[in-house]
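These are the residues of each chain, in order.
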Amino acid sequence: MEQSGGEPDVVSTDKTTGECIFVDCSAQSPTARRNVCYDREALRARKEHKPKNSAVEMATAIGAPLLTVDEYRGLQTLGEFDTTTSSWVQTPAHIRRLGGALFCDRRYDTVFVYHNGAESYYAARGFRCSLRA
């Protein structure tokens, strides 16, 4: 996570397994993980101005999955993150089958969950990961 600009920190422990749960705690979505669409399917569907990679593929390469909406909301209880950026989060299969994907950010002291076409990408949208150890 650190190699791509993340700042992993222990945010909790799994009471069942005893594992420490690490999450990217950088103030904004890590710079090296921005400008990406949601997944490989979205990358292939893009006809022009393709980004170099996708959030799901990059997370898989790191070995740490994208945050879920609940994990993202939990992170936001620890501080204020993504106040000028946004982060792709795990998207339910039924939404993804219809071409959409979810992302989150914090604005107006509120955590928002949004949708967009999975093939979209923006300079300020990246992703955050979690890791158990």
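In what follows, the structure referred to is the one given above.
Criteria and cut-off values
Residues numbered from 1 in each chain as written. Predicted model: local features only at pLDDT ≥ 70, side-chain atom pairs only at ≥ 80, totals over all residues. Heavy atoms only, no water. Helix = DSSP H or I, 4+ residues; strand = E, 2+ residues; numbered from the N terminus. Rg over C-alpha atoms; globule rule 2.2 N^0.38 Å. Buried < 20%, exposed > 50% of the residue type's maximum accessible area, 1.4 Å probe, protein only. Salt bridge = Lys/Arg side-chain N within 4 Å of Asp/Glu carboxyl O. Pairing = 2+ DSSP bridges.

Here we take up the overall build of the protein. Of the regular secondary structure elements, the protein holds 4 helices and 7 strands. Ordering the α and β elements of the protein from the N terminus gives β-β-α-α-α-β-α-β-β-β-β. The C-alpha radius of gyration of the protein comes to 14 Å, within 12% of the 14 Å expected for a compact globule of 133 residues. For the protein, the spread of C-alpha atoms along the three principal axes comes to 45 × 30 × 30 Å. By residue count, 41% of the 133 residues in the protein fall in the buried class.

Turning our eyes to something else, we now look at the pattern of salt bridges. Applying the stated criterion across every chain yields a total of 8 salt bridges. Here Arg 33 makes a salt bridge to Asp 24, at a shortest N to O gap of 2.3 Å. Look at Arg 33 and you get buried, because its relative accessible area is 0%. Residues joined by salt bridges that share partners form a network here, namely Asp 14, Glu 19 and Arg 132.

What follows concerns the pairing of strand 4 (residues 100-107). Of all 8 residues in strand 4, 7 are buried; the element is thus mostly enclosed. Here strand 3 (residues 86-89) runs beside strand 4; their pairing, made up of 3 bridges, is antiparallel. Each bridged residue has a counterpart across the sheet, and for Val 89 the counterpart in strand 4 is Leu 102. Where strand 4 and strand 5 (residues 110-117) come together, 8 bridges link them in antiparallel fashion. Looking across to strand 5, one finds that Gly 100 is bridged to Gly 117. Counting the residues between successive antiparallel strands, the hairpin from strand 4 to strand 5 contains 2 residues, one of them, Tyr 108, with a positive phi of roughly 55°.

Moving on, we come to the pairing of strand 2 (residues 20-24). With 5 bridges joining them, strand 1 (residues 8-13) and strand 2 adopt antiparallel strand pairing. Across the sheet, Pro 8 pairs through a bridge with Asp 24, a residue of strand 2. Between strand 1 and strand 2, which pair antiparallel in sequence order, lie 6 residues; one of them, Gly 18, sits at a positive phi of approximately 80°. Bridge analysis of strand 2 against strand 7 (residues 130-132) gives 3 bridges, and the strand direction is antiparallel. Residue pairing across strands places Phe 22 opposite Leu 131, the latter belonging to strand 7.

This is a description of form; function is not addressed.
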